[in-house]
Amino acid sequence: TLEPSAACLSVEEPVLSRSVPMGHPGPDVPILYQELHNDGDVSVEYEIDEAPLQELVRANYGCPVIRCLNPTGVIEPRSRHQVQWSCQPVEQKIYSVDTSLTY
(Lines give C-alpha, C1' and ligand atoms only; values in the text may rest on other atoms or scores of the structure.)
Protein backbone atom coordinates (compact mmCIF):
# COMPACT_ATOMS: atom_id res chain seq x y z
CA THR A 1 0.00 0.00 0.00
CA LEU A 2 1.29 3.43 -0.96
CA GLU A 3 1.16 6.54 1.16
CA PRO A 4 -1.30 9.08 -0.33
CA SER A 5 1.60 11.43 -1.14
CA ALA A 6 3.71 8.74 -2.85
CA ALA A 7 4.38 8.93 -6.59
CA CYS A 8 3.41 5.86 -8.60
CA LEU A 9 4.41 5.75 -12.25
CA SER A 10 4.24 2.77 -14.59
CA VAL A 11 5.65 2.55 -18.09
CA GLU A 12 4.23 0.63 -21.02
CA GLU A 13 6.64 -1.25 -23.23
CA PRO A 14 7.95 1.06 -25.93
CA VAL A 15 6.49 0.80 -29.40
CA LEU A 16 9.81 1.58 -30.98
CA SER A 17 9.99 -1.95 -32.27
CA ARG A 18 7.92 -1.23 -35.36
CA SER A 19 9.41 -0.60 -38.80
CA VAL A 20 10.05 2.98 -39.88
CA PRO A 21 10.94 3.90 -43.47
CA MET A 22 14.60 4.69 -44.01
CA GLY A 23 15.48 8.20 -45.17
CA HIS A 24 12.06 9.68 -44.37
CA PRO A 25 12.42 13.42 -45.10
CA GLY A 26 11.96 16.46 -42.93
CA PRO A 27 9.23 17.34 -40.49
CA ASP A 28 6.86 14.50 -41.45
CA VAL A 29 8.87 11.86 -39.60
CA PRO A 30 6.57 9.19 -38.09
CA ILE A 31 5.92 9.69 -34.38
CA LEU A 32 6.00 6.64 -32.12
CA TYR A 33 4.39 6.64 -28.67
CA GLN A 34 5.13 5.17 -25.26
CA GLU A 35 2.52 5.57 -22.54
CA LEU A 36 3.23 6.52 -18.93
CA HIS A 37 0.56 5.89 -16.28
CA ASN A 38 0.34 7.88 -13.08
CA ASP A 39 -1.65 5.59 -10.80
CA GLY A 40 -1.06 7.74 -7.73
CA ASP A 41 -2.92 10.59 -6.10
CA VAL A 42 -0.22 13.24 -6.70
CA SER A 43 1.22 14.82 -9.85
CA VAL A 44 4.46 13.28 -11.10
CA GLU A 45 7.27 15.14 -12.88
CA TYR A 46 9.31 12.88 -15.16
CA GLU A 47 12.57 13.25 -17.05
CA ILE A 48 14.10 10.94 -19.63
CA ASP A 49 17.91 10.81 -19.70
CA GLU A 50 18.91 11.94 -23.18
CA ALA A 51 22.62 11.13 -22.84
CA PRO A 52 22.22 7.67 -24.48
CA LEU A 53 20.35 9.32 -27.37
CA GLN A 54 23.21 11.78 -27.85
CA GLU A 55 25.67 8.88 -27.91
CA LEU A 56 23.55 7.26 -30.62
CA VAL A 57 23.79 10.52 -32.63
CA ARG A 58 27.59 10.46 -32.33
CA ALA A 59 27.71 6.80 -33.38
CA ASN A 60 25.60 7.58 -36.48
CA TYR A 61 27.62 10.38 -38.07
CA GLY A 62 25.73 13.18 -36.28
CA CYS A 63 22.30 12.04 -37.43
CA PRO A 64 19.50 12.11 -34.81
CA VAL A 65 18.36 8.55 -35.45
CA ILE A 66 16.08 8.38 -32.38
CA ARG A 67 14.82 11.48 -30.58
CA CYS A 68 12.51 11.99 -27.63
CA LEU A 69 10.23 14.92 -28.44
CA ASN A 70 9.03 15.49 -24.87
CA PRO A 71 11.76 14.26 -22.48
CA THR A 72 10.28 16.12 -19.48
CA GLY A 73 6.77 16.70 -18.27
CA VAL A 74 4.16 16.48 -15.55
CA ILE A 75 1.54 13.76 -15.34
CA GLU A 76 -1.54 14.57 -13.34
CA PRO A 77 -2.90 12.11 -10.75
CA ARG A 78 -4.71 9.05 -12.11
CA SER A 79 -3.95 9.96 -15.73
CA ARG A 80 -1.83 8.88 -18.68
CA HIS A 81 0.73 10.67 -20.79
CA GLN A 82 2.28 9.78 -24.14
CA VAL A 83 6.02 10.17 -24.56
CA GLN A 84 6.67 10.92 -28.23
CA TRP A 85 9.61 9.47 -30.11
CA SER A 86 10.78 10.09 -33.66
CA CYS A 87 12.97 7.69 -35.58
CA GLN A 88 14.91 8.59 -38.72
CA PRO A 89 17.07 5.60 -39.65
CA VAL A 90 20.11 6.31 -41.77
CA GLU A 91 20.81 2.63 -42.50
CA GLN A 92 18.70 -0.47 -42.85
CA LYS A 93 19.46 -2.00 -39.46
CA ILE A 94 18.05 -2.38 -35.98
CA TYR A 95 18.80 0.56 -33.69
CA SER A 96 18.83 0.06 -29.95
CA VAL A 97 19.25 2.50 -27.09
CA ASP A 98 18.63 2.14 -23.35
CA THR A 99 17.34 5.25 -21.63
CA SER A 100 16.32 5.84 -18.04
CA LEU A 101 13.35 7.66 -16.61
CA THR A 102 13.41 9.49 -13.30
CA TYR A 103 10.48 10.88 -11.37
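Residues numbered from 1 in each chain as written. Predicted model: local features only at pLDDT ≥ 70, side-chain atom pairs only at ≥ 80, totals over all residues. Heavy atoms only, no water.

**Some details on the sheet that holds strand β5 (residues 72-75)**
Backbone hydrogen bonds are what pair the strands of a sheet, in a parallel or an antiparallel way. Strand order in the open sheet formed by three strands is β5-β3-β7, with antiparallel pairing between adjacent strands. The open sheet has two edge strands, β5 and β7 (101-102), and neither has a second partner. In this structure, strand β3 (residues 44-48) lies alongside β7, joined through two bridges in antiparallel fashion. Along β7, the bridge assignment pairs I48 with L101. (Pairing = 2+ DSSP bridges. Helix = DSSP H or I, 4+ residues; strand = E, 2+ residues; numbered from the N terminus.)

**Looking at the pattern of salt bridges**
Per the counting criterion, the structure on display carries four salt bridges. For R80, the salt bridge goes to E35, with nearest N and O atoms at 3.0 Å. Here E35 lies in strand β2 (residues 31-38) and R80 lies in strand β6 (residues 79-87), a separation of 45 residues in the sequence. Residue classification places E35 among the buried residues on the basis of a relative accessible area of 17%. (Salt bridge = Lys/Arg side-chain N within 4 Å of Asp/Glu carboxyl O. Buried < 20%, exposed > 50% of the residue type's maximum accessible area, 1.4 Å probe, protein only.)

**A short note on the sheet that holds β6**
In space, the four strands of this open sheet follow the order β1-β2-β6-β4, with antiparallel pairing throughout. Here the strands that pair on one side only, and so sit at the sheet edges, are β1 (9-11) and β4 (66-68). Pairwise comparison of adjacent strand axes, ignoring direction, gives a mean angle of 30° for this sheet. Bridge count between β4 and β6: three bridges; the pairing is antiparallel. Along β6, the bridge assignment pairs R67 with S86. (Axes fitted to C-alpha atoms, helices over the stretch in contact; angles between N-to-C directions.)

**Describing the environment of P89**
The topology assignment puts P89 in the loop between β6 and β7. A relative accessible area of 9% places P89 in the buried class. In sequence terms P89 and I66 are 23 residues apart; their C-alpha atoms lie 7.8 Å from each other.

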